[in-house]
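Breakdown of the fold
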Amino acid sequence: METAQDRQPACGCSRNTDRYVSFDGIDCAGNARRVMDMIARNIVASGCEQPFWNYFMAKRTPKSGPAPDDLFLVHSHINQIREFFEECHDQKALELLFQVEEECC
């Protein structure tokens, strides 16, 4: 008797796809770092004190405990980042953020 485990998927894909294989060839860490660079650039360009963004950027180098990676920070604050880029009218940053969200988060 054939079971569901014995049948090959109709899509031709691997049945036991490891989620990390699906990220193969995508520079999630590099793209997240670029998003963080764009945040830093927009903070400076705004020319005004922004307590949340100062706090957010300080999370990269905490006084204690392990430092989170940039992808984690972007993923954790994606809506605030999107709103910030919209306020700054930074279309390239928004496009990269969307790409990171779709490909890596």
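Here, the structure is the one placed above.
None of the values given here were measured: they were computed from a predicted structure.

Observations concerning the overall build of the protein
Secondary structure summary: the protein contains five helices and zero strands in total. The order of helices and strands in the protein, counted from the N terminus, is α-α-α-α-α. Counting the 105 residues in the protein, one finds 28% classified as buried. Restricting the contact set of the protein to residue pairs at least 6 apart, pairs at least 24 apart contribute 59%.

A few points about unusual backbone geometry
The phi angle at H89 is positive, at roughly 55°, despite the residue not being glycine. Tracing the sequence through the fold places H89 in the loop between α4 (78-87) and α5 (91-104). Taking relative accessible area as the criterion, H89 reaches 72% and is therefore assigned exposed.

Considerations on the state of the cysteines
What is meant by a disulfide is a covalent connection between two cysteines, made through their sulfur atoms. Taken as a whole, this structure holds one disulfide when the rule is applied. Summary of cysteine pairing: C88 is not part of a disulfide, and the nearest cysteine sulfur, belonging to C48, is at 8.7 Å. Overall, C88 belongs to the partly exposed group, its relative accessible area being 25%. This cysteine, C105, is not joined by any disulfide, and C104 carries the nearest cysteine sulfur, 6.5 Å off. Under the relative-accessibility criterion, C105 is labelled partly exposed at 37%.

Focus: the nonpolar core
Judged by nonpolar contacts, the single largest core of 22 residues is most densely connected at V35, I39, F56, V74, I81 and F85. Counting only elements with at least two residues in this core, the list comes to α1 (28-46), α2 (51-58), α3 (70-76), α4 and α5. Broken down by element, the residue count for this core peaks at seven residues, all from α1.

Examining the environment of V74
Its location among the elements puts V74 in helix α3. Take V74: its relative accessible area is 0%, and that puts it in the buried class. Counting along the chain gives 38 residues from V74 to M36, while the straight-line C-alpha distance between them is 7.6 Å. With residues up to four places along the chain from it excluded, the contact list for V74 reads A32, V35, M36, I81, L97 and V100.

So, the packing of α2 against α4
Contact geometry of α2 with α4 gives a least axis separation of 13 Å together with a crossing angle of 130°. With respect to α4, the axis of α2 lies oblique. Between α2 and α4 lies a crossing whose hand is left-handed. Residues F52, W53 and F56 of α2 touch α4, and the partners they reach there are Q80, I81 and F84. For the contact of α2 with α4, the residue count by class is five nonpolar, one polar and no charged.

The rules behind the values
Residues numbered from 1 in each chain as written. Predicted model: local features only at pLDDT ≥ 70, side-chain atom pairs only at ≥ 80, totals over all residues. Heavy atoms only, no water. Helix = DSSP H or I, 4+ residues; strand = E, 2+ residues; numbered from the N terminus. Buried < 20%, exposed > 50% of the residue type's maximum accessible area, 1.4 Å probe, protein only. Contact = heavy atoms within 4.5 Å. Disulfide = S-S within 2.5 Å. Core = buried A, V, L, I, M, F, W, Y, C linked by side-chain atoms within 4.5 Å. Axes fitted to C-alpha atoms, helices over the stretch in contact; angles between N-to-C directions. Parallel < 35°, antiparallel > 145°, perpendicular 65-115°, else oblique. Left-handed = near helix turned anticlockwise from the far one by under 90°. Nonpolar A, V, L, I, M, F, W, Y, C, P; charged D, E, K, R; others polar.

By themselves, these figures tell us nothing about what the structure is for.
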